[in-house]
Amino acid sequence: MRAVDPVGRALWTLDVQGTRGLFLDHRGRAYCRFEGRFDISGLPLGPFPLLSLPALLLERVPGEPAAPPRQSGREVVFEDAARRRWTATLQGGQVASWTVWEGEEPAYWWVRREGWAILSDRRQGAQVRWRLVVAEPLAEPPAPLAPPQGFRPGDCRPAH
């Protein structure tokens, strides 16, 4: 996964294979390797563990219901293991939007709009958007990422 700024300059890159990974901070010219749990402070991905990232990127609800969800028409409601309430709206059998609530306030939300997926974190006032440009089967798994020449070991926190 690679994040770029609005003019296409690389901000950070994340490569995960199994439980191991590599994070590149392009602005700080640093990298870190990790195994198991990975948490990058300062990246607006909400309260989602790294293992939920594929679901998030593929426009699925990244939360896991602690009990069977309730559905009423196009709306699905469930509570996760952290006792957060999730609501999702379905359209044509696909997830069109979802919200994670903290009490009565929406804390995080995702929506598909005009070809973009948009994730908002109201607590940080941050928004991330992406879209699928091309999808095709891979002939083989991608080669593992390596730190570029001139990058130094770092502490996994992106430069601000």
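From a predicted model like this one, the values you see are computed outputs, not experimental measurements. (Residues numbered from 1 in each chain as written. Predicted model: local features only at pLDDT ≥ 70, side-chain atom pairs only at ≥ 80, totals over all residues. Heavy atoms only, no water.)

Engineer: It is not clear to me how the packing of aromatic side chains should be interpreted in this structure. Could you clarify?
Structural biologist: Within the structure shown, the criterion is met by four aromatic pairs. Relative to tryptophan 98, the ring of tryptophan 86 lies with its centre 5.3 Å away and its plane at 40°, an arrangement referred to as tilted. Here tryptophan 86 is found in strand β7 (residues 85-91), whereas its partner tryptophan 98 is found in strand β8 (residues 94-102), with 12 residues between them in sequence. One exposure class covers both tryptophan 86 and tryptophan 98, and it is buried. Between the NZ or CZ atom of arginine 85 and the centre of the ring of tryptophan 101, over which it lies, the distance is 4.6 Å. Note that arginine 129 overlies the ring of tryptophan 116, its terminal NZ or CZ placed 4.1 Å from the centroid. (Phe/Tyr/Trp six-rings, centres within 6.5 Å; stacked < 30°, edge-to-face > 60°. Helix = DSSP H or I, 4+ residues; strand = E, 2+ residues; numbered from the N terminus. Buried < 20%, exposed > 50% of the residue type's maximum accessible area, 1.4 Å probe, protein only. Lys NZ or Arg CZ within 6 Å of the ring centre and 35° of its normal.)

Engineer: Help me out: how do you make sense of the pattern of salt bridges in this one?
Structural biologist: Two side chains that carry opposite charge are able to pair once their charged atoms sit near each other. Throughout the structure, instances matching the rule amount to four salt bridges. Linking glutamate 59 and arginine 112 is a salt bridge whose minimum nitrogen-to-oxygen distance equals 2.8 Å. Here glutamate 59 is found in the loop between α1 (53-57) and β5 (70-72), whereas its partner arginine 112 is found in strand β9 (residues 105-113), with 53 residues between them in sequence. Glutamate 59 gets classed as partly exposed once you look at its relative accessible area, which sits at 21%. Its relative accessible area of 34% is what places arginine 112 among the partly exposed residues. The partner of glutamate 79 in a salt bridge is arginine 83, with the nearest N and O atoms 3.8 Å apart. You can call arginine 83 exposed: its relative accessible area is 65%. (Salt bridge = Lys/Arg side-chain N within 4 Å of Asp/Glu carboxyl O.)

Engineer: How do you make sense of the sheet that holds strand β10 (residues 116-121) when you look at a structure like this?
Structural biologist: Whenever strands of a sheet pair, they do so through backbone hydrogen bonds, lying parallel or antiparallel. Taken in spatial order, the seven strands of this open sheet run β5-β6-β7-β8-β9-β10-β11, and their pairing is antiparallel. On the outer flanks of this sheet lie β5 and β11 (126-130), each paired with one strand and no other. Across this sheet, the average inter-strand angle for adjacent strands is 15°, counted without regard to direction. Pairing between β8 and β9: six bridges, direction antiparallel. Across the sheet, residue glutamate 102 finds its bridge partner in β9, namely glutamate 105. (Pairing = 2+ DSSP bridges. Axes fitted to C-alpha atoms, helices over the stretch in contact; angles between N-to-C directions.)

Engineer: I'm lost on the environment of glutamate 64 in this one. Help?
Structural biologist: For glutamate 64, the location among the structural elements is in the loop between α1 and β5. Exposure remark for glutamate 64: the relative accessible area of 62% places this residue in the exposed category. Along the primary structure glutamate 64 and alanine 82 are separated by 18 residues, whereas in three dimensions their C-alpha atoms are 9.9 Å apart. Filtering out sequence-adjacent residues up to four positions away, glutamate 64 remains in contact with Phe78, Glu79, Asp80 and Ala81. (Contact = heavy atoms within 4.5 Å.)

Engineer: Explanation requested: the sheet that holds strand β12 (residues 152-153) in the structure shown.
Structural biologist: With mixed pairing, the five strands of this open sheet are ordered in space as β1-β2-β3-β4-β12. A single partner strand is all that each edge strand has here, and the edge strands are β1 (2-4) and β12. Of the pairings in the sheet, the one linking strand β4 (residues 30-35) to β12 comprises two bridges and is parallel in character. Residue pairing in the sheet places tyrosine 31 in a bridge with proline 153 of β12.

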